[in-house]
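# Topology and contacts: notes
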Amino acid sequence: MTTTNEYQASTATGRIANFVDSRVGASAIVKEFGRKIFPDHWSFMFGEVAMYTFVLLLLSGTFLTFFFDPSMAHVVYNGSYVPMKGLGMSTAMASTMDISFDVRGGLFMRQVHHWSALLFVASLSVHMLRVFFTGAFRRPRELNWVVGGVLLIMGLAAGFTGYSLPDDLLSGNGLRIIDGVMKALPIVGTYLSMFFFGGEFPGEHVIQRLYSLHIMIVPAVIILLIVVHLFMVVTHKHTQYPGPGRTNDNVVGFPVGPVYAAKAGGFFFIVFGIVAFIAGLFQINPIWNYGPYDPSPVSAGTQPDWYIGFVDGALRLMPGTLGNFSFEWIIPFPWGDNTLVLSVLLPALVPAGALFVVMFAWPWIERWVTKDNREHHLLDRPRNAPFRTAMGVAGVIFYSVMWAAASSDLIATHFHVALNDVTYWLRALFFLGPILGFWLTRRICLSLQRKDREIVLHGREAGIIQMSPEGGFSEKHEEVDVYKRYLLTNFVDRQYIPAEPDAAGHISGSEKRRALISKFFFEDRVAPVTPSELEAAHAAHGHHEVEGDMQDSIGK
Amino acid sequence: MGDHSHGSPENSGTVAKADDVAQDRFPDPGLPPHRPRLADRDPRAAKRHERQVALLFTISIIGTLFFFVAYFVLGRLGEMSFAELRVQNAALGLGTAFAMLGIGVGIVHWAKTLMPDHELMEMRHEIRSEEDRQDAVEIVDTVLEESGIKRRPLIRNTLIGAIALAPIPAIFMFRDLDRTGNTANQMIDSLRHTMWDTGIRLTRDPSGTPIKASDVQIGSAFHVVPEGINETENPLNEKAKAVVLLMRMDPAEMQISEGREDWNVDGIVAYSKICTHVGCPIALYEQHTHHLLCPCHQSTFDLTQECKVIFGPAGHALPQLPITVDSEGYLVAQSDFHEPVGPSYWERG
Amino acid sequence: MKALSKKRRHPLAAVALLLFGLLITGSLYTAAGNISEAKAAETTAASQTDVDEGQKLFVANCATCHGMNAEGSDSGPSLIGVGAASVDFQVGTGRMPMQMQGPQAQVKPVQFDDKQISQLSAYVASLGAGPAIPDEEYLDTTQGDAAHGGTVFRVNCAMCHNAAAAGGALTRGKFAPTLTGVTEKHIYEAMATGPQNMPVFNDSNITPEEKRDVITFLKTIEANGSAGGAALGSLGPVAEGLFTWTAGLGIIIAFTIWLTSRPS
């Protein structure tokens, strides 16, 4: 009712903006976000890459939905591709062939879609690894870590349902394998298989069901989770690497408008351009080579897309029998014998299950062991958290051994080794690799930390040789400047926390276990240099140092 | 130089406190001073950067135009040769790439060189204040109190029962995902039976022509389906259980178990082609080593030992199809398989 | 005389004598062989010449492992009944003579010319009935049906050689090679004879017309190339995944580092 005092814009743009603003309250949003500060580092951009490739998937996918037909009805191919003319196939396969050969730009869009999918899950994984190795999952971001983990699983689901849609020989055999794994589940397995395929394999319904999942349900869940994920990033504000001027209570960086909007917006176009370049010049998923799905033929080199590889690799590594011990157990029951197919269940469920459980639970595991319940907005340099970095590397090796196993036959042909030997080696690495990786990584982290101490205490060799009055030679050392020194010494110094009694004075079993793990993780540690240590070092060695100049600042 | 291992675990030199906010730590020197960029110092450099950004945007425009050329001139509806398709695909890709990269690199170059690069600082806020928490707790208490749910356990308990049961119909609505109309027992039973039966001829896949015993020589590998499979209602469903591999060996090399002596015809044997691991077609036959290799997970079966598993994750041997010859010399099945084919499952027994 | 007897006592005199003797013997042998050849040409068809020459080549190059009469030995199987097609394939692709014993015969540079190969084939064919070198009409890809050939290929061949004929792994270090660059004749012969661990696809398994269809299919996809760009070896998802993690992420990371770096 205060029309007399209301603001009147003078330009046309101003009037439109004012109209909208006075009806939705956009000014408040502009106030909150317009100059919001975001820290700047290239390793923070992987989440962006994931989001942008997801947008590309939505755009290219929408195009494809106008031409793809998921029906499994039998049809005779009569399109442009000569080596398949006259062959019987499902409508799904025929429509994919049409997209590839009879829709202008169709092949290009299919390739953009599939390459984006591979990059989506890859950048998701690298983003997750960055968050893990820098400790960004600590309070208050534990829930966001879980949301991210679910996004990863949804990404795997989107990819699997997607590449199975053309109903070609390669993905069809993948579905066959899923059917076999489903059937192996005790009690419910056969029913699950019948429900999923609408009857016996391959049936006439599964592609349509995968289509519903792929274009509707999974993308809806992903979009919802991305919104939750970003909302939490905005609420918590982004983490930042430690350094001069950066504390746990502030954010140092650039404002959204104009710098961040420009860089992030421009980066979308860059990712789009890179994907378009790859999709134009490199072939992916040539379904015309594989042919329509038929339960009889199979191609050498049958593998799923890379992100499902670790499950396929686990299936390959598992032995069916060890000597006379079979992993297929026939268990007698009063009503008859039932088969427990451990040879399939163990590799399909246990490694993936273990990886995901530890991954999801890690923020709580770390909190429990370190008894650290504070908010952390400053990241760890990976070397300063040897326990976590080493565990992460062990997990990555565990995953990678299975991933490599999925390509065991290609390793054999390309490196001229026997297929069976590749399997034996990878079986050994499956158990020994993570242990070796853990030990080696921890040693490397501790060494790097010691090197940092060296640099702070003694500076860098300046390349100037000096002769003392007595005739001895020594090299002058250049001290690091205050900024670099702060970076090298400002980290969380985690120590071993022995078992502590609770309020009643009793030490519980779980507290004893925690103390053991804490000892294993933190007993070997390297502490940051303190000012008194630096003084002592100066006093002990005299002044060999030269003043470092301002050029030697933090690596930027 | 001397030994400077001040950081060794045994004598780190510092008695570190459990508290992270240590007394003896280097103070924060604050943000490093800002260094101006070339464009900040030199207006001509700024102009040059401006021209570079404009050039990049122009490259983008050219890229977009090139895309249209690729789409309409290089592409045409109708049969394009492979070479033409490959060129068009590359042209579409390059056009799009330049169009997008031109914009992206242009904007980023503009931001990096011309927009201000002073690092700014902003304080973080508490995620939740103690005051808010107390207010919220009070409100929740009031709401619960006014709803009366705590004082009226009858309402609460029946409500929980109703809400717990209400979603269950949604689950059972999906019963007809299985479109066959089979009962549970019929579902399980269907896995035990394939199309093979007494007298059904073995035919070549995909031509469907029957096979004479004399056609099969030592070292052969025939891919076999039952006669009449293409006339069934669901040929692929039948094929998924009934595909068979037919090979011939020297009978002297075969180790035959009791009861299977008449399952082969002069060393011609037929085995299920469906891997007993998770169902891929086995297919690879090495004629000299008599090994059958599955390409999916490398399960290996030895033909001389009735397809016993000798390597890989498969859990049991391939089922054998008992075969014989009919009056005209064609190979026929004596009966269905004596055990379920394909991957194992709970009810297999 | 003195000069001559001095020369006779020259140290190299023995060498000269040896060379002279070899020359005489070789010439005599060649002349005698030619004479007998000429005689033979009068009485039998030219193939008998090939058979004899083939036998000589066989004895010199193959008998060590396959026996003097191709009856086989501990080092190599009998070749009686393998047919001209086997020899034409094995020797024509350079697999034979084999470099070392083992289940996998590797393709090597071909050691004999076409005439010699046909002579060897004629000799082995004369030892016992076996698959013959195919007629031209069954190698004529203009008469074959690529679509049908593709179906036959995928059912019978793709599991070892890969759906795009890029090759694949077998057990214990063996492998099925790629089929690109293999001649139509050799493809046919390999199917017909089942070299090494490859199964035998005789004419009652895959008919000559079907073999022609398979060859037409293979040559069609070879000529087509890859429609979507570089084929990355036609190896499928493994190559694509490797490319994503190396080149794909590599380019992206390069751009992120540039984007966040400080300009001059």
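Along each chain, numbering runs from 1 in the same order as the chain's sequence is written. Chain letters and ligand numbers both follow the written order, the letters beginning at A and the numbers at 1. Where totals are concerned, whole chains, interfaces and linings use all residues; where local detail is concerned, this predicted model gives features only for residues with pLDDT of at least 70, and gives and counts side-chain atom pairs only at 80 or more.

### Re the overall build of chain A
To be explicit about the condition: Numbered from the N terminus, helices here are DSSP runs of H or I no shorter than four residues, and strands are runs of E no shorter than two. Residues are called buried when their C-beta atom has 20 or more other C-beta atoms within 10 Å, exposed when it has 12 or fewer, and partly exposed otherwise; all C-beta atoms are positioned from the backbone. Residue pairs qualify as contacts under a 7 Å threshold applied to their C-beta atoms, which are placed from the backbone.
Counting its regular elements, chain A contains 19 helices and eleven strands. By principal-axis analysis of the C-alpha atoms, chain A measures approximately 95 × 85 × 60 Å. Evaluated residue by residue, chain A yields a buried proportion of 49% over its 556 residues. Sequence-distant contacts, at least 24 apart, represent 74% of the contacts inside chain A between residues at least 6 apart.

### Details of the nonpolar core
Most often, soluble globular proteins have nonpolar side chains that are buried together. Which entries qualify depends on this criterion: Under the definition applied here, buried Ala, Val, Leu, Ile, Met, Phe, Trp, Tyr and Cys residues are grouped into a nonpolar core through C-beta atoms within 7 Å.
Formed by 257 residues in total, the largest nonpolar core has its most connected members in Val271(A), Val275(A), Leu202(B), Val244(B) and Leu246(B). Broken down by element, the residue count for this core peaks at 17 residues, all from helix α5 (residues 106–134) of chain A. Ignoring sequence-local partners within four residues, the contact set of Val271(A) consists of Val49(A), Tyr52(A), Thr53(A) and Ile252(C). One finds Val456(A), Leu457(A), Tyr486(A) and Leu487(A) within the second-largest nonpolar core, a separate group that totals eight residues.

### Side note on the domain arrangement of chain A
The criterion, for reference: Where each domain starts and ends follows an automatic or database-derived domain assignment.
Looking at the assigned domains, one finds that chain A contains domain 1 (34–61 + 107–297), domain 2 (309–441) and domain 3 (442–546). Each of domain 1 of chain A and domain 3 of chain A has a C-alpha centre, and these two points are 41 Å apart.

### Examining the interface of chain A and chain B
Stated formally: By the convention adopted, Pro, Cys, Tyr, Trp, Phe, Met, Ile, Leu, Val and Ala count as nonpolar, Lys, Arg, Asp and Glu as charged, and the other residues, Gly among them, as polar. For two strands to pair, DSSP has to find at least two bridges joining them.
Across the boundary between the two partners, chain A contributes 112 residues, which contact 89 residues of chain B. By residue number, the principal contributor to the side of chain A that touches chain B is helix α10 (residues 256–281) of chain A, which donates 16 residues. Partitioned by chemical class, the residues of the side of chain A that touches chain B number 51 nonpolar, 40 polar and 21 charged. Sheet topology places strand β4 (residues 250–255) of chain A next to strand β1 (residues 120–123) of chain B; four bridges connect them, and they run antiparallel. Bridge pairing links Val251(A) to Glu122(B) in β1(B).

### A word on the sheet that holds β1(B)
Consider a sheet: its strands pair through backbone hydrogen bonds, and that pairing is either parallel or antiparallel. To keep it simple, the criterion reads: With axes taken as lines fitted to C-alpha atoms, and helix axes fitted only over the stretch in contact, angles between N-to-C directions fall between 0 and 180 degrees.
Reading across the sheet, the three strands line up as β1(A)-β4(A)-β1(B) and stay open at both edges, with antiparallel pairing between neighbours. Edge positions in the open sheet fall to β1 (37–38) of chain A together with β1 of chain B, since each of these has one partner strand only. Pairing analysis gives two bridges linking β1(A) to β4(A), with the strands arranged antiparallel. Bridging across to β4(A), Phe38(A) finds its partner in Phe254(A). Contacting β1 and β4 of chain A, α10(A) crosses the sheet at an angle of about 75° to β4(A).

### Here we look at the pairing of strand β8 (residues 336–341) of chain A
All names here are of chain A. Examined bridge by bridge, strand β7 (residues 328–333) and β8 share six bridges and lie antiparallel to one another. Paired with Phe333 across the two strands is Gly336, which belongs to β8. A loop of two residues connects β7 with β8, the two strands running antiparallel in sequence.

### Digging into the pairing of strand β9 (residues 308–311) of chain B
Residues and elements named next belong to chain B. Sheet topology note: the strand β8 (residues 300–302)/β9 ladder contains three bridges and is antiparallel. Bridge assignment links Thr300 to a residue of β9, and that residue is Phe311. Taken together, β8 and the strand that follows it, β9, pair antiparallel across an intervening segment of five residues, in which Glu306 is found at a positive phi of about 60°.

### Some points on the interface of chain B and chain C
Tallying the contact residues gives 30 residues for chain B and 27 residues for chain C. Of all the elements in the fold, those that place two or more residues in the side of chain B that touches chain C are α3 (82–113), β3 (221–226), β6 (284–286) and β7 (291–293) of chain B. With eight residues, the single largest contributor to the side of chain B that touches chain C is α3(B). When its residues are assigned to classes, the side of chain B that touches chain C shows 13 nonpolar, eleven polar and six charged.

### Quick word on the environment of His277(B)
Along the chain, the position of His277(B) falls in the loop between β5 (268–272) and β6. Remark: the alpha-carbon pair of His277(B) and Pro116(B), spanning 161 residues in sequence, is separated by 63 Å. Filtering out sequence-adjacent residues up to four positions away, His277(B) remains in contact with Gly180(A), Val344(A), Cys294(B), His297(B), Ser299(B), Pro313(B), Ala314(B) and Pro343(B).

### Overview of the domain arrangement of chain B
Split into domains, chain B comes out as domain 1 (38–113), domain 2 (134–164) and domain 3 (202–344). With centres defined by C-alpha atoms, the gap from domain 1 of chain B to domain 3 of chain B works out at 58 Å.

### So, the packing of α5(A) against helix α11 (residues 237–260) of chain C
In helix packing, the relevant descriptors are the interaxial angle and the interaxial distance, both defined with respect to the helix axes. Inclusion rule: Note on angle classes: values under 35 degrees are labelled roughly parallel, values over 145 roughly antiparallel, values of 65 to 115 roughly perpendicular, and the remainder oblique. Take the far helix as the reference: if the near one is turned anticlockwise from it by less than a right angle, the crossing is left-handed, and if turned clockwise, right-handed.
Contact pair α5(A) / α11(C): the axes reach a minimum separation of 10 Å and the direction vectors enclose 60°. Judged by the inter-axis angle, α5(A) sits oblique to α11(C). Classified by chirality, the crossing of α11(C) by α5(A) is right-handed. Taken together, the residues of α11(C) that come into contact with α5(A) (itself represented by Leu118(A), Leu119(A), Ala122(A) and Val126(A)) are Glu240(C), Gly241(C), Thr244(C), Trp245(C), Gly248(C) and Leu249(C). Of the residues in the contact of α5(A) with α11(C), the class split is six nonpolar, three polar and one charged.

### Some words on the sheet that holds β8(B)
Residue and element names in this part refer to chain B. With respect to topology, four strands assemble into an open sheet ordered β6-β7-β8-β9, the strand pairing being antiparallel. Only two strands of the sheet have a single partner each, and these edge strands are β6 and β9. Across the sheet, the mean angle separating the axes of adjacent strands is 35° when strand polarity is ignored.

### Examining helix α4 (residues 130–147) of chain B
All names here are of chain B. The condition is simple: Given the number of residues in a helix, its expected span is that number minus one, multiplied by 1.5 Å.
An ideal rise of 1.5 Å per residue puts 26 Å on 18 residues; α4 measures up with 26 Å between its terminal C-alpha atoms. Taken across its 18 residues, α4 has zero buried, putting it largely on the surface. Just past α4, the residue Gly148 takes up positive phi, approximately 80°.

### Some points on the environment of Leu516(A)
With respect to the secondary-structure elements, Leu516(A) resides in helix α18 (residues 509–522). Taking the C-alpha atoms as reference points, Leu516(A) and Ile270(A), separated by 246 residues in sequence, lie 49 Å from one another.

### Overview of the environment of Phe267(A)
Looking at the element boundaries, Phe267(A) is found in helix α10. Sequence-wise, Phe267(A) and Glu48(A) are 219 residues apart; in three dimensions their C-alpha atoms are separated by 8.4 Å. Setting aside anything within four residues of it in sequence, one finds Phe267(A) in contact with Met45(A), Glu48(A), Gly104(B), Val108(B) and Leu259(C).

### Describing the confidence of the model for chain B
All names here are of chain B. Convention followed: pLDDT is a per-residue confidence score from the predictor, ranging from 0 to 100.
Per-residue confidence for chain B averages 89 on the pLDDT scale, and 93% of its residues sit at or above 70. Low confidence marks residues 1–21, where pLDDT is under 50. Its contacts with residues over four positions away, or in another chain, come to 29 contacts. For this predicted complex, the interface score ipTM comes out at 0.90, while the overall pTM is 0.90.

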